[in-house]
Amino acid sequence: MTRDENACGTRFALRARFAHRERCTIRRLVAIAGCVVALHGSIARFDVRPARADDAAARIVAGDAELLKYAFQDRLAPGEQVYPPVTSLTELRQANERMLLPVELYFDAYEHLDLVRAEEMTLHAEKLPVVKLTYELGGRQYETYAYVKKSPIKTSRAALVIPGSASNLATAIYHEIPDGNHTGIMRALGDAFNRYVFIKPNEDCLAIHNGQGKLHPNFYVNWHIEQGGSYSAHYIVSSLAFSKYLQSNYAEFIVAGLSQGGAAALQNALQSNPDAAIIASGFSIINRDAQWAGHNQMMIPGLRKRWDHEAVRKKIAGQATRYLFNYVEKEVGTYRIEATAKPSAEFLRTCQNVEVRTHPGGHEYPADIVADFLERAFPAAGGAKPSQD
């Protein structure tokens, strides 16, 4: 074979090989085009459209449900609620923001808060009388509520009872539930006082709820602290608003609390200077060394840095307020030590306006001790201001 014939054969072989590759490539392209057409048909059949705002909102709500199902784990009080059910995380944030009070406003709140208005209303089928206060502090308004048990006789004295940490306690105190540990204070106050039972936020008729359950502390305690606030600071300031309201309408005023309520009543009294304060199992010098408390107890960042126990004693000693500190023998832990070894009684010994009493009962107000204290603190003559009727 000549050189020219050989070259010609080689060129023919190369053209054949390239033609085969082109045919394969064309077949692959045709197959891919078919897949694209089939896929397009499937997409058309499923009617896929661009995402809309309401689709995004639906996905957000579905996501909210995953977290909200863990939020409302506490028992919701029966009867009418002031606030509507929470159905989204946005509404949960708004409910928390309703209570948000910067901690720096706490320590002189009584001096700076202004009462905006007071409204009387009734709740529940049984028509429980309620006072709603609106007050202003730090450039914004807050609202707070209390059940009211009026005396059948005209009186110029009022008492504010602050509940402890038990759930939905204000309603039980108002109704004087026979087996409740707060019945002693209501009985001791009797008809000599108009009795206002403070309603803490997220308790009783003020629940943050979903219609079936009440918001668990895991969903508000830390949130407020991280925002520079404090649930405890907020509710004590709200109780101070009631103190200011009652002091402007009655000749004589006292504040009382048991357990966490006692600690809150003491914090209230240190600012409001009532005529008397009843602190039942609510103060212990032992807390200076070891404090047994959880997230459901009073928690105000910087409290002891600002007001340590020495500062509290000095403040009490400088007041005209008469104090009753009460401890019980059938207790455990801190307050059992207080009833037996009496460290806080010794710590407060130099305060001339303080009585410290113990009793053999359980975690409760001792009605006889409280009544004796009130008889000596408030002679029968009474005051001059007209009562609230």
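Residues numbered from 1 in each chain as written. Predicted model: local features only at pLDDT ≥ 70, side-chain atom pairs only at ≥ 80, totals over all residues. Heavy atoms only, no water.

**Examining the overall build of the protein chain**
Piece 1. A tally of helices and strands in the protein chain yields 14 helices and 11 strands.
Piece 2. Residue burial in the protein chain is summarised as follows: out of 389 residues, 47% are buried.
Piece 3. Counting contacts in the protein chain only where the partners sit at least 6 residues apart, residues at least 24 apart contribute 76% of the total.
Piece 4. As displayed, the protein chain has an accessible area near 19,800 Å², and 55% of this comes from carbon and sulfur atoms. (Helix = DSSP H or I, 4+ residues; strand = E, 2+ residues; numbered from the N terminus. Buried < 20%, exposed > 50% of the residue type's maximum accessible area, 1.4 Å probe, protein only. Contact = heavy atoms within 4.5 Å. Areas by Shrake-Rupley, 256 points an atom, 1.4 Å probe, with all protein chains shown as cover.)

**Let's talk about the side chain of Ser230**
Piece 1. Position of Ser230 relative to the elements: it lies in the loop between helix 7 (221–226) and helix 8 (231–247).
Piece 2. For Ser230, the side chain forms a polar contact with the main-chain nitrogen of Ala233, separated by 3.0 Å. (Polar contact = N/O pair within 3.5 Å; in protein donor to acceptor, adjacent residues only side chain to side chain.)

**A closer look at the environment of Ala170**
Piece 1. Tracing the chain through its elements places Ala170 in helix 5 (residues 169–175).
Piece 2. Separated by 33 residues in sequence, Ala170 and Glu203 place their C-alpha atoms 7.8 Å apart.

**Points about the nonpolar core**
Piece 1. In this structure, Tyr106, Tyr196, Leu266, Phe283, Ile316, Tyr323 and Phe325 are the most contacted members of the largest nonpolar core, which totals 69 residues.
Piece 2. Core analysis: the next-biggest nonpolar cluster, separate from the first, contains 35 residues, Leu123, Tyr147, Val197 and Ala276 among them. (Core = buried A, V, L, I, M, F, W, Y, C linked by side-chain atoms within 4.5 Å.)

**Concerning the layout of surface pockets**
Piece 1. What the largest pocket holds in volume is close to 720 Å³.
Piece 2. Along its surface, the largest pocket is lined by 27 residues, and Asn287, Gln291, Trp292, Ala293 and Gln297 are the ones closest to its centre.
Piece 3. Only helix 9 (260–272), helix 10 (303–306) and helix 12 (334–340) provide two or more residues apiece to the lining of the largest pocket.
Piece 4. The element best represented in the lining of the largest pocket is helix 9, accounting for four residues.
Piece 5. Of the residues belonging to the lining of the largest pocket, the class tally is 11 nonpolar, 14 polar and two charged. (1 Å grid on protein atoms, 1.4 Å probe; cavity = no way out; pocket = protein on both sides within 12 Å on 5 of 7 lines; lining within 4 Å. Points joined across faces, edges and corners; volume = space filled by probe spheres on them. Nonpolar A, V, L, I, M, F, W, Y, C, P; charged D, E, K, R; others polar.)

**Regarding the packing of aromatic side chains**
Piece 1. What the rule picks out here adds up to 16 aromatic pairs.
Piece 2. Look at Phe242 and Tyr245: their rings are 6.4 Å apart centre to centre, the planes differ by 85°, and that puts the pair in the edge-to-face class. Here Phe242 and its partner Tyr245 are both found in helix 8, three residues apart, which amounts to about one turn of the helix. For the pair shown, Phe242 and Tyr245 are each scored as buried.
Piece 3. Over the ring of Tyr235 we find Lys200, and its NZ or CZ is 4.7 Å from the ring centre.
Piece 4. Sitting above the plane of the Tyr110 ring, Lys244 keeps its charged end 4.8 Å from the centroid. (Phe/Tyr/Trp six-rings, centres within 6.5 Å; stacked < 30°, edge-to-face > 60°. Lys NZ or Arg CZ within 6 Å of the ring centre and 35° of its normal.)

**Some details on helix 8**
Piece 1. For helix 8, built from 17 residues, the straight-helix expectation of 24 Å at 1.5 Å per residue is met to within 8% by its first-to-last C-alpha distance of 24 Å.
Piece 2. Within helix 8, 17 of the 17 residues are buried, which leaves it mostly tucked inside the rest of the structure.
Piece 3. Where helix 8 starts, the residue carrying a side-chain oxygen 3.3 Å from the main-chain nitrogen of Ser232 turns out to be Ser230. (Expected span 1.5 Å × (residues − 1).)

**Points about the sheet that holds strand 2 (residues 114–123)**
Piece 1. Pairing is mixed in the open sheet, where nine strands are placed in the order 2-3-4-6-5-8-9-10-11. Looking at the sheet topology across the chains shown, the edges are occupied by strand 2 and strand 11 (354–359). Averaged over all adjacent pairs, the angle separating strand axes in this sheet is 20°, with direction ignored.
Piece 2. Examined bridge by bridge, strand 8 (residues 252–258) and strand 9 (residues 276–280) share five bridges and lie parallel to one another. Within strand 9, the position partnered with Ala256 by the bridge is Ile278.
Piece 3. The strands touched by helix 8 are strand 2, strand 3 (128–137), strand 4 (140–149), strand 5 (157–162), strand 6 (194–199) and strand 8; relative to strand 3, the strand with the most contacts, the crossing angle is about 105°. (Pairing = 2+ DSSP bridges. Axes fitted to C-alpha atoms, helices over the stretch in contact; angles between N-to-C directions.)

**Side note on the pairing of strand 6**
Piece 1. Extensive coverage of strand 6 is indicated by the burial of six of its six residues.
Piece 2. Burial along strand 6 is two-sided: the face carrying Asn194, Tyr196 and Phe198 and the face carrying Arg195, Val197 and Ile199 are both buried.
Piece 3. With five bridges connecting them, strand 4 and strand 6 associate as antiparallel partners. Residue pairing across strands places Tyr147 opposite Val197, the latter belonging to strand 6.
Piece 4. Note that strand 5 and strand 6 share four bridges and pair parallel. Residue pairing for strand 6: Ala159 is matched across the bridge by Arg195.

**Observations regarding the side chain of Asn96**
Piece 1. Checked against the element boundaries, Asn96 lands in helix 3 (residues 89–99).
Piece 2. Apart from the residues lying within four places of it in its own chain, the contact partners of Asn96 are Phe219, Tyr220, Trp223 and His224.

**Examining the pattern of salt bridges**
Piece 1. All chains considered together, the criterion is met by 15 salt bridges.
Piece 2. Between Glu66 and Lys69 there is a salt bridge, with its nearest N and O atoms 3.1 Å apart. You can see Glu66 and its partner Lys69 sitting in helix 2 (residues 53–71), three residues apart, about one turn around the helix.
Piece 3. You can call Glu66 partly exposed: its relative accessible area is 44%.
Piece 4. Residues Glu310 and Arg313 are paired through a salt bridge, measuring 2.5 Å at the closest nitrogen-oxygen approach. Within this pair, Glu310 and its partner Arg313 are both found in helix 11 (residues 309–317), separated by three residues, close to a single helical turn.
Piece 5. When salt bridges that share partners are traced, they join Arg322, Glu355, Arg357, Asp372 and Arg376 into one network. (Salt bridge = Lys/Arg side-chain N within 4 Å of Asp/Glu carboxyl O.)

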